[in-house]
Amino acid sequence: MALKKIESALISVFYKDNLEPIIALLKKHGVKIYSTGGTQKFIEEQGAEVIPVEELTSYPSIFGGRVKTLHPKVFGGILYRRENEGDVSQAVEFEIPAIDLVIVDLYPFEETVASGASEADIIEKIDIGGISLIRAAAKNFKDVTIISSKDQYSELEAKLIAQNGGTTLADRRYFAAQAFQVSSHYDTHIFNYFNQSEAIPSLKVSENKSKALRYGENPHQSAHFFGNLEDLFDQLNGKELSYNNLVDVDAAVNLIAEFEGETAFAILKHTNACGVALAPTVKEAYQKAFAADTTSAFGGVLVTNQEVDKAAAEEMHSLFFEVLIAPSFSEEAMEVLTGKKNRILLRQKMNLPGTKMMKTLLNGVIEQDKDLATETKADFSVATKKAPTEAEKDALVFAAKICKHTKSNTIILSNDTQLFSSGVGQTSRVDALRQAIEKANAFGFDLKGAVMASDAFFPFPDCVEIAHEAGITAVVQPGGSIKDQDSIDFCDRNGMAMVMTGVRHFKH
């Protein structure tokens, strides 16, 4: 493909890092450079001659730098079509020089918002001239090369070296696509900033960073992760995270966040907890969580909210698991755990951000608030004649936290520090309860004095009847059924305590 020699360039960037090699190449090839302000000074310090934009336009930078490049002699030089006789004639008539290369790096709007800056400072970081230059140069990619981000400097440098200071049409089209991605991303974040208060019903999402995954939920499905995982985790060991790993990690960190201020451990499989426990140490918490289901723990995702020490590491080392997440790992623990090279170890650096969640559905996307409601003892409304004891209340809080993060229909059976069993993802609540009881019995748990949590109300008294027969003494549920009284009456007749929260926790 024919090369187009770059003879003139307009450079206006916020970040100058790694721009030096490009300036040197442009200088080597005798490229005429236009610039202004701090960028002009930087280029001149590299020993290259610069024509100030003010000289080209015969206008100074005005309004505190808000208007510098917005002028027909700049945009005309970018936009006129070199093969269009009328455009060429007008360029000559109005003394508009051609501009073959535009290098722009926008004001850092996202970073300014993230820094907690004042609104005045944020507004000043909305780039006007830069974004206009990007769009103009990208539109006229047949004639103009656009570099729209500092992240593209090295690509341009390589092409200038390999192609003797020129670019191909394919190069220019590629950089144009990158440019519209940059401008779209930039405008998305500006809109979302303003829409925090305006609540315009429009969904705009843009993530620049992406990672190709080995495959999706199944090997025949391709998949990407869009986002910056490095903000959340440091991966200390193991193979690359898979699609299913990521789904389970998300569920794990959401669950463990419920137990702030306690030493908690959870084991998850297909996003559902098969073991959760509280204990004085991570080792003991792991032992109790593992005891809840020693079968399902195989190949699971493990998570704790405290540092993993050597004792805990040695205890879990014999188990095959995919991922272990913790806020930190002792050096001795790392020596133990890295003995298996594929085992993924993640150091969690922060809690999950954001208050919204979304997914594709039918021919669109649905968005909702995250389920951030967590019931405490103060939220319990005692529905039965018998109130739960303080120990039972603690157990009900514990069970309710796990229930919130388990697929519906679900039933959780526990005491105040250990999940005994769960009935998960069943089409009827009765089936979920029976599954939970059968599982608890299979792993040797005595349910006498245990508590039960349900993610939704009981439409009939059958669940409390079955629970009573199994030895369960206290129940937490949202309430709201037209037949709530039937369940309450049964509990009253049989000495059970029931509290209602008024908050349902369906999870699909």
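The structure contained in this document is the topic of the report that follows. Just so it is clear, the structure is predicted and the values come from calculations on it, not from any experiment.

Section: the pattern of salt bridges
Item 1. Throughout the structure, instances matching the rule amount to 17 salt bridges.
Item 2. Here Lys404 ties to Glu258 by a salt bridge, and the two come within 2.7 Å at their closest N and O atoms. With Lys404 in helix 15 (residues 390-404) and Glu258 in the loop between helix 11 (243-256) and strand 11 (264-269), this residue pair connects regions lying 146 residues apart in the sequence.
Item 3. A single salt-bridge network, built from bridges that share partners, covers Lys377, Glu390, Lys393 and Asp394.

What to know about the sheet that holds strand 13 (residues 300-304)
Item 1. The strand order 10-15-14-13-11-12 describes an open sheet built from six strands, whose pairing is mixed. Since the sheet does not close on itself, it has two edges, and those belong to strand 10 (233-237) and strand 12 (272-278), each with one partner. Neighbour-to-neighbour, the strand axes of the sheet open up by a mean angle of 20°, direction not taken into account.
Item 2. In the sheet, strand 10 pairs with strand 15 (residues 344-348) via four bridges, with the strands oriented antiparallel. By the bridge assignment for strand 15, Phe233 is matched with Gln348.
Item 3. Most of the contacts of helix 11 go to strand 11, to which it runs at about 150°, and overall it touches strand 10, strand 11, strand 12, strand 13, strand 14 (321-326) and strand 15.

Quick notes on the state of the cysteines
Item 1. Considering all chains together, one arrives at zero disulfides under this definition.
Item 2. Sulfur of Cys491: no disulfide; nearest cysteine sulfur belongs to Cys463 and is 11 Å away.

Concerning the pairing of strand 22 (residues 474-477)
Item 1. Residue alternation in strand 22 divides its side chains into two sets, Ala474 and Val476 and Val475 and Gln477, and both sets are buried.
Item 2. Where strand 21 (residues 451-454) meets strand 22, three bridges bridge the pair, whose relative direction is parallel. The partner of Ala453 across the bridge, within strand 22, is Val476.
Item 3. Note on the crossover from strand 21 through helix 17 (residues 462-470) to strand 22: the handedness is right-handed.

The rules behind these values
Think of each chain on its own: its residues are numbered from 1, step by step along the sequence as written. Owing to the predicted nature of the model, reporting of local features is limited to residues with pLDDT of at least 70; listing and counting of side-chain atom pairs is limited to 80 or more, with chain, interface and lining totals taken over all residues. Excluded from the side-chain calculations are hydrogens and water; all other atoms, namely the structure's heavy atoms, are used. By salt bridge we mean one thing: a side-chain nitrogen of Lys or Arg within 4 Å of a carboxyl oxygen of Asp or Glu. Numbering of helices and strands runs from the N terminus; a helix is a DSSP stretch of H or I covering at least four residues, while a strand is a stretch of E covering at least two. DSSP calls a pair of strands paired once it identifies at least 2 bridges connecting them. Note on geometry: axes are lines fitted to C-alpha atoms, helical ones only across the stretch in contact, with angles between N-to-C directions running from 0 to 180 degrees. Residue contacts are counted whenever heavy atoms from the two residues lie within 4.5 Å of one another. Counting rule for disulfides: a pair of cysteine sulfur atoms within 2.5 Å. Relative accessible area decides the class of each residue, using a 1.4 Å probe on protein chains only: under 20% of the type maximum gives buried, over 50% gives exposed, and in between gives partly exposed. Orient the strands so they point away from the viewer, and a crossover whose first-strand-to-second-strand path over the helix runs clockwise is right-handed.

The analysis is restricted to geometry; functional conclusions fall outside its scope.
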